[in-house]
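# Observations on chain architecture
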Amino acid sequence: MESLPCQGCRGLCCGPVSITEREWKKIKKKVKSMPRLKRQELESQTRFYGTCIFYDVENDKCGIYSARPDVCQKFGYYKGLACFRKPEFATKNLPDNNERYIGTLSVDFTWKDLH
Ligand code: SF4
Ligand code: SF4
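So, how was this worked out
Residues numbered from 1 in each chain as written. Chains lettered and ligands numbered in written order. Predicted model: local features only at pLDDT ≥ 70, side-chain atom pairs only at ≥ 80, totals over all residues. Heavy atoms only, no water. Near = heavy atom within 4 Å. 1 Å grid on protein atoms, 1.4 Å probe; cavity = no way out; pocket = protein on both sides within 12 Å on 5 of 7 lines; lining within 4 Å. Sits in = over half its atoms within 2 Å of the grid points. Nonpolar A, V, L, I, M, F, W, Y, C, P; charged D, E, K, R; others polar. Phe/Tyr/Trp six-rings, centres within 6.5 Å; stacked < 30°, edge-to-face > 60°. Helix = DSSP H or I, 4+ residues; strand = E, 2+ residues; numbered from the N terminus. Buried < 20%, exposed > 50% of the residue type's maximum accessible area, 1.4 Å probe, protein only. Points joined across faces, edges and corners; volume = space filled by probe spheres on them.

### Some thoughts on the site of ligand 2
Within the structure, ligand 2 sits among C14, G15, C52, F54, Y55, C62, I64, P69 and C72. Counting atoms within 2 Å of the grid points, the majority share of ligand 2 lands in the largest pocket. Along the lines of polarity and charge, the residues of the shell around ligand 2 split into eight nonpolar, one polar and no charged.

And the structure:
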């Protein structure tokens, strides 16, 4: 599968995403497992308004990559989740999702909920 040209976008599409209970638990576990300094450094970065609270501005990457929500994993490759830079890559059909979204990361769930 061809990759999206994400290098250099600097978190352009990393905005608030909807998450499920299961995903939030996974994120909390991931954040807790980070070395304290790394966690503090990630939290204190200055981001544009609307950029995901876990986007690592300094290193231009997702700060919780292995625990990123499903929407982030599928983005760009599934119909309805097209990246404007390569919309032709969004060819897969989204599977039915029976899990309920509990809210939005960066809006309903923030660093304050992780202390
Ligand atoms: S998915 Fe698209 S907009 Fe997002 S970082 Fe990758 S190329 Fe850029
Ligand atoms: S969790 Fe990671 S991939 Fe998803 S929006 Fe936030 S920084 Fe981007």
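### A closer look at the packing of aromatic side chains
Applying the stated rule across the entire model yields three aromatic pairs. Consider the rings of W24 and F109, whose centres lie 4.8 Å apart with planes at 40°: the pair is tilted. In this pair, W24 sits in helix α1 (residues 21–33) while F109 sits in the segment after β4 (101–104), placing the two residues 85 residues apart along the sequence. The buried category is assigned to W24, whose relative accessible area is 5%. For F109, a relative accessible area of 15% corresponds to the buried category. Taking 5.1 Å as the distance between ring centres and 70° as the angle between the ring planes, the aromatic pair formed by F54 and W111 counts as edge-to-face. In this pair, F54 sits in the loop between α2 (36–44) and β2 (55–56) while W111 sits in the segment after β4, placing the two residues 57 residues apart along the sequence. The pair F54 / W111 is uniform in exposure class, with both members buried.

### Side note on unusual backbone geometry
You will see that R10, though not glycine, has its phi angle at about 55°, which is positive. Following the sequence through the fold, R10 ends up in the segment before β1 (18–20). For R10, a relative accessible area of 48% puts it in the partly exposed group.

### Things to note about the environment of Y77
Checked against the element boundaries, Y77 lands in the loop between α3 (70–74) and β4. By relative accessible area, Y77 is classed as buried at 15%. Between the C-alpha atom of Y77 and that of P87, which follows or precedes it by ten residues, the distance is 8.4 Å.

### Brief notes about the layout of surface pockets
Space left empty within the atom packing is revealed by a probe, the size of a water molecule, rolled over the atoms. Here the largest pocket defines a volume of roughly 820 Å³. Lining of the largest pocket is provided by 32 residues; of these, C6, C13, C14, C62 and C72 occupy positions nearest its centre. By residue number, the principal contributor to the lining of the largest pocket is α3, which donates three residues. By volume, the second largest pocket amounts to about 210 Å³. Taken together, 13 residues line the second largest pocket, and the ones lying closest to its centre are D70, K74, P95, N97 and Y101. Elements that contribute at least two residues to the lining of the second largest pocket include exactly α1 and α3.

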